[in-house]
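One letter stands for each residue in the lines below.
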Amino acid sequence: TQEGNYDLVGNNMPVFFIQDAIKFPDLIHAVKPEPHHEMPQAASAHDTFWDFISHTPESTHKIMWAMSDRAIPRSYRMMEGFGVHTFRLINAKGEGRFVKFHWKPVLGMAQVTWEEATLISGKDPDFHRRDLWEAIETGNFPEWELGLQIVEEKDEHKFDFDLLDPTKIIPEELVPVEIVGKMTLNRNPDNFFAETEQVQFNPGHIVPGMDFSNDPLLQGRLFSYTDTQLIRLGGPNFHEIPINRPVAPVHNNQRDGFMRQTINRGQTSYEPNSLNGNFPLQAKAKEGGFVSYTQRMDGHKVRARSKSFFDHFSQATMFYQSQTPIEQEHIAQALEFELGKVETPEIRERYVAILNEVDGELAARVAEGLGISVSKLPANVNQNIPADGNPADFQPIKKKGKLKVSDALSIVKNAKLGVKTLKAAILCADGVDGDSLAHIQDALKKAGAMGVIVAPRMGFVKTDKGKAVKIDFSLLNCASVLFDAVYIPDGPESAETLQEFGTAHHFIQEAYRHCKTIGAAGDAGALAKGIIHGCPEGRDANLQEDVGLVLGEEKGSADKFIKAFGKKRHWNRRDADRPEAGALK
């Protein structure tokens with residue numbers, strides 16, 4: 001800004017694991033690799049993490065988000081962002097309002113499946129970085145709209161939750177998000193070390209018109225981020241590194257520290273003084289200086305959390321019940337995967353008992369997958385009981401909120417139609433029908449999508465008219481999980497060649513299993529039908545009723561494919577892996 005740097009340090013999830021910054025070291029220690037064998041690296045599926053989480057029920061809401069499709073976005077360009085905490089906006093009269101910050105992707109939200117995520121990690125560990133870099137480089141600039149949820153101070157206590165609790169959201173149905181601006185990424189860094197590795201974000205960096213709330217987690221971050229940057233960047237004055245330097249000069253009266261880059265002139269560097277007319281002088285509010293928000297404070301200073309922070313399950317329940325059935329199944333499978341890696345039975349049972357507080361059907365699904373008898377679940381998941389044992393102070397509690405479902409929390413319910421910037425694999429071989437190939441390429445380009453040619457080998461593919469077309473990937477160095485849809489142009493010779501390659505069969509079957517749009521023109525339609533029928537999920541499917549399959553049509557097949565492609569996924573194709581378990585009683 002013209003008044004200095006403002007850092008909105010946030011996340012792609014609006015809540016956090018803990019309510020109190022003093023628990024930061026415990027959380028990080030728990031999720032780090034097990035100390036006796038240094039495993040697992042960069043994963044939370046192990047005993048110490050779930051042991052800590054099972055004793056920290058305030059984390060339950062965050063766990064629902066972390067185990068959901070929100071954790072595995074299709075692209076950085078297709079995920080929401082949040083400031084997490086409640087902040088303040090201050091007007092020219094000094095009046096304050098509470099605010100939560102949101103970033104809404106212009107392209108809409110999209111996700112990958114867990115299986116896709118694991119396969120992408122192996123096929124292209126730089127998938128997300130490459131996706132972002134290529135989008136910017138090709139002029140498809142990623143955009144997010146900035147939205148605000150604003151609450152008058154007089155309304156702070158009108159909700160069923162504490163506005164300052166970082167494990168809670170303000171449902172959009174209660175306070176709508178007002179769009180006020182847009183952020184566009186319109187160029188890539190020239191040097192990633194200089195422009196990204198040396199960036200020093202700090203939630204304590206604010207400008208006039210903004211201030212903090214008393215969110216206890218935020219208050220801890222205001223201290224810890226400065227300390228972090230001092231260690232990470234080797235000392236003080238990191239604000240003078242070019243990428244961190246404000247666009248407008250900011251004078252802070254600091255001199256001669258380690259790594260100082262500004263050359264200050266003059267005899268005085270203190271206030272008050274008489275040697276230089278009492279300059280430098282702290283700027284007053286009317287001169288653009290920062291003024292802290294005036295707030296009256298009453299009460300006792302205690303080392304305890306407010307009882308208004310004790311409801312750990314209501315919003316977790318709301319999040320889970322707001323998801324579509326396929327999204328709920330993904331959450332159950334993610335929990336089953338993570339807890340299945342936990343070696344201590346008591347930890348698994350303890351967390352399934354917490355899940356039972358969230359949703360009985362969810363707990364039953366996970367318990368069945370883990371082979372846990374529901375009759376052995378701990379009867380009481382009240383943790384963090386105060387030392388004096390006063391039952392009125394027991395936590396967690398569960399309130400009956402005003403909202404049972406918030407549609408804004410579901411990716412599927414908020415999916416945007418269209419194929420802009422998405423990537424389709426055009427699967428073909430020598431002898432491909434040149435007109436059919438050109439038609440799908442033109443149709444994808446016109447719709448704003450990319451058509452990438454995948455063939456049995458690298459080099460050039462020859463059309464039926466002898467034209468050489470450059471191949472982007474071979475079946476060996478890519479996979480269907482790197483694309484959003486698959487299209488097979490017409491051409492009997494091309495289809496016959498693909499029929500002979502098992503990797504082509506796997507490519508098509510995998511895309512079908514992940515509920516992606518598959519199109520095939522003319523002779524290629526029979527190829528695709530046969531391959532899909534060989535896929536376990538497709539053997540009994542009625543392919544004629546699947547709108548995500550555009551097979552065997554010649555005229556208009558590309559247009560019909562684009563329309564189906566715009567739906568992103570066809571989740572009705574995918575049945576649950578097992579029958580739904582009955583709810584726990």
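Criteria and thresholds
Every residue gets a number counted from 1 within its own chain, in the order that chain's sequence is written. Totals for whole chains, interfaces and linings use every residue, but because this is a predicted model, local features are given only for residues with pLDDT of at least 70 and side-chain atom pairs only at 80 or more, for both listing and counting. As a rule here, side-chain values come from all non-hydrogen atoms in the structure, and water together with hydrogens is ignored. Labels follow the DSSP assignment, with helices taken as runs of H or I lasting at least four residues and strands as runs of E lasting at least two, numbered in each case from the N terminus. Residue exposure (1.4 Å probe, protein chains only): buried if accessible area is under 20% of the type maximum, exposed if over 50%, otherwise partly exposed. Note on definitions: a residue-residue contact is assigned when non-hydrogen atoms from the two residues lie within 4.5 Å. When charges are counted, Lys and Arg are positive and Asp and Glu negative, with His and the chain ends excluded. A single reference atom marks each charge: NZ on Lys, CZ on Arg, CG on Asp, CD on Glu. The criterion is simple. A nonpolar core is a set of buried Ala, Val, Leu, Ile, Met, Phe, Trp, Tyr and Cys residues joined through side-chain atoms within 4.5 Å. Strand pairing requires that DSSP identify at least two bridges connecting the strands. Here, a salt bridge means any Lys or Arg side-chain nitrogen found within 4 Å of an Asp or Glu carboxyl oxygen. For each structure, a 1 Å grid was placed over the protein atoms alone; sets of points admitting a 1.4 Å probe that cannot get out are labelled cavities, open sets with protein on both sides within 12 Å along at least five of seven lines are labelled pockets, and lining residues have an atom within 4 Å of a point. Grid points are joined across faces, edges and corners, and a volume is the space filled by probe spheres set on the points. Under the convention adopted here, Pro, Cys and the residues Ala, Val, Leu, Ile, Met, Phe, Trp and Tyr are nonpolar, Asp, Glu, Lys and Arg are charged, and Gly plus all remaining residues are polar. Each polar contact in these results corresponds to two N or O atoms within 3.5 Å; when the atoms are within protein, one needs to be able to donate a hydrogen and the other to accept it, and residues that are neighboring in sequence are counted only if both atoms are side-chain atoms. Criterion for a disulfide: a pair of cysteine sulfur atoms at a distance within 2.5 Å. Lines fitted to C-alpha atoms define the axes, with helix axes restricted to the stretch in contact, and inter-axis angles between N-to-C directions lie between 0 and 180 degrees.

### What about the overall build of the chain?
And step 1. Along the backbone of the chain there are 16 helices and 14 strands.
And step 2. Out of the 585 residues belonging to the chain, those deemed buried represent 48%.
And step 3. Sequence separation of at least 24 residues holds for 75% of the intrachain contacts in the chain that already meet a minimum separation of 6.
And step 4. Measuring between centres, the 67 positive side-chain charges of the chain sit 4 Å from its 80 negative side-chain charges.

### Quick notes on the nonpolar core
And step 1. Counting residues in each nonpolar core, the largest one holds 44 residues, and the members touching the most others are Trp50, Ile63, Met64, Leu335, Tyr351, Leu362 and Val366.
And step 2. Broken down by secondary-structure element, the contributors of at least two residues to this core are helix 1 (24-31), helix 2 (47-54), helix 3 (60-66), helix 8 (314-321), helix 9 (325-340), helix 10 (345-358) and helix 11 (360-370).
And step 3. With sequence-adjacent residues up to four places away left out, Tyr351 is seen in contact with Trp50, Ile53, Ser54, Thr60, Ile63, Leu335 and Leu339.
And step 4. Residues Val452, Ala520, Ala524 and Leu527 belong to the second largest nonpolar core, which totals 36 residues.

### Regarding the pairing of strand 2 (residues 87-90)
And step 1. The sheet contact formed by strand 2 and strand 3 (residues 96-105) spans four bridges and is antiparallel. Residue pairing in the sheet places Ile90 in a bridge with Gly96 of strand 3.
And step 2. The hairpin formed by strand 2 and strand 3 contains five residues between the paired strands, and Gly94 there has a positive phi angle of roughly 85°.
And step 3. For strand 2 and strand 6 (residues 210-212), the ladder comprises three bridges, and the chain directions are antiparallel. Bridge pairing in strand 6 places Leu89 opposite Met210.

### Thoughts on the pattern of salt bridges
And step 1. Using the criterion set out here, one finds 30 salt bridges in the structure.
And step 2. The residue Glu143 makes a salt bridge to Lys182 at a minimum N-O spacing of 3.8 Å. Of this pair, Glu143 sits in strand 4 (residues 143-152) while Lys182 sits in strand 5 (residues 178-184), placing them 39 residues apart in sequence.
And step 3. A relative accessible area of 26% means that Glu143 is categorised as partly exposed.
And step 4. Measuring nitrogen to oxygen at the nearest pair gives 2.9 Å for the salt bridge that ties Asp407 to Lys413.
And step 5. The exposure class assigned to Asp407 is partly exposed, which follows from its relative accessible area of 40%.
And step 6. Three or more residues are tied together by salt bridges with common partners; here these are Arg70, Glu80, Lys104 and Glu172.

### Here's the deal with the environment of Phe127
And step 1. Residue placement: Phe127 occurs in helix 5 (residues 127-137).
And step 2. Here Phe127 falls in the buried class, since its relative accessible area comes to 9%.
And step 3. If we ignore the near neighbours within four places in the chain, the residues touching Phe127 are Arg74, Ile120 and Leu482.

### Topic: empty space enclosed by the protein
And step 1. Tallied over the entire structure, the rule returns five cavities of 30 Å³ or more.
And step 2. With three residues, strand 3 is the single largest residue contributor to the lining of the largest cavity.
And step 3. Looking at the lining of the largest cavity, its residues break down into ten nonpolar, five polar and four charged.
And step 4. Here the second largest cavity defines a volume of roughly 60 Å³.

### Looking at the environment of Glu38
And step 1. Its place among the elements puts Glu38 in the loop between helix 1 and helix 2.
And step 2. C-alpha separation for the pair Glu38 and Val486, spaced 448 residues apart in sequence, amounts to 40 Å.

### Some details on helix 11
And step 1. In terms of burial, helix 11 is largely enclosed, as eight of its eleven residues are buried.
And step 2. Buried residues of helix 11: Gly360, Leu362, Ala363, Ala364, Arg365, Val366, Ala367 and Leu370, and no others.
And step 3. At the N-terminal boundary of helix 11, the capping side chain belongs to Asp359, with an oxygen 3.0 Å from the backbone nitrogen of Glu361.
And step 4. Immediately beyond the C-terminal end of helix 11, within one or two residues, lies Gly371, with a positive phi of roughly 70°.

### Examining the layout of surface pockets
And step 1. Empty space within the largest pocket amounts to approximately 2000 Å³.
And step 2. What lines the largest pocket is a set of 48 residues, among which Leu8, Met183, Leu185, Val199 and Phe201 lie closest to the centre.
And step 3. Listing elements by their share of the lining of the largest pocket, those giving two or more residues are strand 1 (81-82), strand 3, helix 5, strand 4, strand 5, helix 6 (192-197) and helix 7 (216-232).
And step 4. Tallied by class, residues from the lining of the largest pocket come to 24 nonpolar, 16 polar and eight charged.

### Looking at the state of the cysteines
And step 1. All chains considered together, the criterion is met by zero disulfides.
And step 2. Looking at Cys428, it has no disulfide partner, and the nearest cysteine sulfur is the one in Cys478, 12 Å off.
And step 3. We classify Cys428 as buried; its relative accessible area is 0%.
And step 4. For Cys478, a relative accessible area of 3% translates into the label buried.

### Brief notes about the packing of helix 1 against helix 2
And step 1. The interhelical angle for the contact between helix 1 and helix 2, taken along N-to-C directions, is 145°, at an axis separation of 7 Å. Across the interface between the two elements, Asp26, Leu27, Ala30 and Val31 from helix 1 touch Thr48, Phe49 and Phe52 from helix 2.
And step 2. When grouped by side-chain class, the residues that make up the contact of helix 1 with helix 2 number five nonpolar, one polar and one charged.

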